[in-house]
Amino acid sequence: MPDNDKQNTFSQSKTVGTVTQETFTPDKYITVLGSIAATRCQADISPQLPASVCVAQAIKECGFDPNTIFFKESDGRINYNIFNVRGSGSETGFAYCSSFSEAVNLYYTNMHGGYYESALAYLKPKIVDSTTEDKMNYLQTLIPIYAPSSENNVPQYISDVTGFINDYDLFKWDDPNLAGHTIDDAWIKQMAAAAANGALVNGGSSAKSSDGGFRYIEHGKTVTIIKLPDNKTFCEPIYPDFITVSDTVPQWVLDMSYQKQAEKSSTTK
């Protein structure tokens, strides 16, 4: 359970308020969303996910356009799914959320669904104990899974999210003591460059996958191994300029090919 003083600091009844399409301003929106995310974060199972990243992702996904944030379905209902989480209940193919609270709850539930374990591994059980580096490693590992296409520019997505955290003072929603705390601009650039190379800014490596459905994630002295269901593999981009065919084909396939080639050569002779 979170400390009482922290929980009181983020009391929804005192800080959330309301924002509608008619009364919308970016500041009101961020305050409402930040308060909801902070409350949800404090009630979260271990590890507690950063409200700062949650709010920044909402801004990245929907911006500050009220027509997008308060999306009206053809039947007149407002869909508050500001994270563009796939699901049912909407004509768009995304999940239907009847409020911002429901959208944030869906986001947190989705994050703990098992698919993002490699990213969660960087966080401490309590959000107040997770360092800025922990959160950034979480973010760098999360985004390629959460938004793999991301207009074919994952580094830009990461750069935008970290920029929003700075611009809108979002770390304070993780811990009030972090108000005014920002990520160094040089670090943001390094993060984007590292993401483009499949690495972490601290020199660590991103997750490695095998053709057997295993993913290996190294963080510090710990290694996390994730196993997908049978006959499933992690989909990762292949860059022909940097690897050869032999790097991408399982060894047993190459062995069989070499064997058949040798047999054919022997028969010809």
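Now for a quick tour of the structure. Small disclaimer: the values here were computed from a predicted structure and weren't measured. (Residues numbered from 1 in each chain as written. Predicted model: local features only at pLDDT ≥ 70, side-chain atom pairs only at ≥ 80, totals over all residues. Heavy atoms only, no water.)

Observations concerning the overall build of the protein
Going by this rule: Strands are runs of DSSP state E lasting at least two residues, helices are runs of H or I lasting at least four, and both sets are numbered from the N terminus onward. For each residue, the accessible area found with a 1.4 Å probe, counting protein chains only, is set against the maximum for its type, and the residue is called buried under 20%, exposed over 50%, and partly exposed in between. In what follows, a contact means two residues having at least one pair of non-hydrogen atoms within 4.5 Å. Here the Shrake-Rupley method, with its probe set to 1.4 Å, supplies the accessible areas, and only the displayed protein chains count as covering residues.
Per the secondary structure count, the protein includes 12 helices and five strands. When each of the 269 residues of the protein is scored for burial, the buried share is 41%. Here the analysis covers contacts within the protein between residues at least 6 apart in sequence; of these, 53% occur between residues at least 24 apart. For the protein, the exposed surface amounts to about 14,700 Å²; the carbon and sulfur share of it is 52%.

Notes on the pattern of salt bridges
Heads up, the rule is: We define a salt bridge as a contact between a side-chain nitrogen of Lys or Arg and a carboxyl oxygen of Asp or Glu at a distance within 4 Å.
One pass over the full model with this rule turns up five salt bridges. Where Asp160 meets Lys60, a salt bridge forms, and the shortest distance between an N and an O atom there is 2.6 Å. One end of the pair, Asp160, is in helix H9 (residues 154–167); the other, Lys60, is in helix H4 (residues 51–62), and 100 residues separate them in sequence. You can call Lys60 partly exposed: its relative accessible area is 26%. Between Asp174 and Lys135 there is a salt bridge whose closest N-O contact spans 2.9 Å. Pair noted here: Asp174 is in the loop between H9 and helix H10 (185–196) and Lys135 is in helix H8 (residues 132–146), with a separation of 39 residues, a long-range link. Of the two residues examined, Asp174 and Lys135, each falls in the buried class.

Here we look at the packing of H8 against H9
Relative placement of two packed helices is described by the angle separating their axes and the distance separating the axes. Defined as follows: Helix axes are fitted only over the stretch in contact, all axes being lines through C-alpha atoms; the angle between N-to-C directions runs from 0 to 180 degrees. Each angle is binned into one of four classes, with values under 35 degrees roughly parallel, values over 145 roughly antiparallel, values of 65 to 115 roughly perpendicular, and all other values oblique. In a left-handed crossing the near helix is turned counterclockwise from the far helix by less than a right angle, and in a right-handed crossing that turn is clockwise.
Contact pair H8 / H9: the axes reach a minimum separation of 10 Å and the direction vectors enclose 135°. Accordingly, the angle class assigned to the pair H8 and H9 is oblique. Note that H8 runs across H9; the crossing there is right-handed. Of the residues in H9, those in contact with Met136, Leu139, Gln140, Ile143, Pro144 and Tyr146 of H8 are Val154, Tyr157, Ile158, Val161, Thr162 and Ile165.

What to know about the packing of aromatic side chains
Operational definition: Any two rings among Phe, Tyr and Trp, with Trp reduced to its six-membered ring, count as a pair given centres within 6.5 Å; such a pair is stacked if its planes are under 30 degrees apart, edge-to-face if over 60, and tilted if neither. Lysine and arginine charges are scored as sitting over a ring when NZ or CZ, respectively, is within 6 Å of the ring centre and within 35 degrees of the ring normal.
By the definition in use, this model includes 14 aromatic pairs. The interplanar angle of 80° and the centroid separation of 5.8 Å between the aromatic rings of Phe70 and Tyr80 together place this pair among those described as edge-to-face. Here the residue Phe70 occupies a position in the loop between helix H5 (66–69) and strand S1 (71–72), and Tyr80 occupies one in the loop between strand S2 (78–79) and helix H6 (100–111), the gap between them amounting to 10 residues. Classification of Phe70 by relative accessible area gives buried; the value is 5%. The exposure class assigned to Tyr80 is buried, which follows from its relative accessible area of 18%. It is Arg77 that lies over the ring of Tyr96; its NZ or CZ is 4.1 Å from the centre. Directly above the ring of Phe94 sits Arg86, whose terminal nitrogen or CZ lies 4.4 Å from the centroid.

Overview of H8
Rules: Multiply 1.5 Å by the residue count of a helix minus one, and that product is the helix's expected span.
The end-to-end C-alpha separation of H8 is 20 Å, in line with the 21 Å expected for 15 residues at 1.5 Å each. Burial analysis of H8 places 13 of its 15 residues in the buried class, the great majority of the element.

Focus on H9
Helical geometry note: an α-helix holds 3.6 residues per turn, so side chains three or four residues apart project in the same direction. Between its first and last C-alpha, H9 extends 20 Å over 14 residues, near the 20 Å set by a 1.5 Å rise per residue. Burial analysis of H9 places 10 of its 14 residues in the buried class, the great majority of the element. Buried within H9 are the following residues: Val154, Pro155, Tyr157, Ile158, Val161, Thr162, Gly163, Phe164, Ile165 and Asn166. Two residues or fewer past H9, Asp169 is found with a positive phi of approximately 50°.

Here's the deal with the environment of Ile36
Its place among the elements puts Ile36 in helix H3 (residues 26–42). For Ile36, a relative accessible area of 6% corresponds to the buried category. When the C-alpha positions of Ile36 and Ser101 are compared, they lie 6.2 Å apart, and in sequence the two are 65 residues distant.

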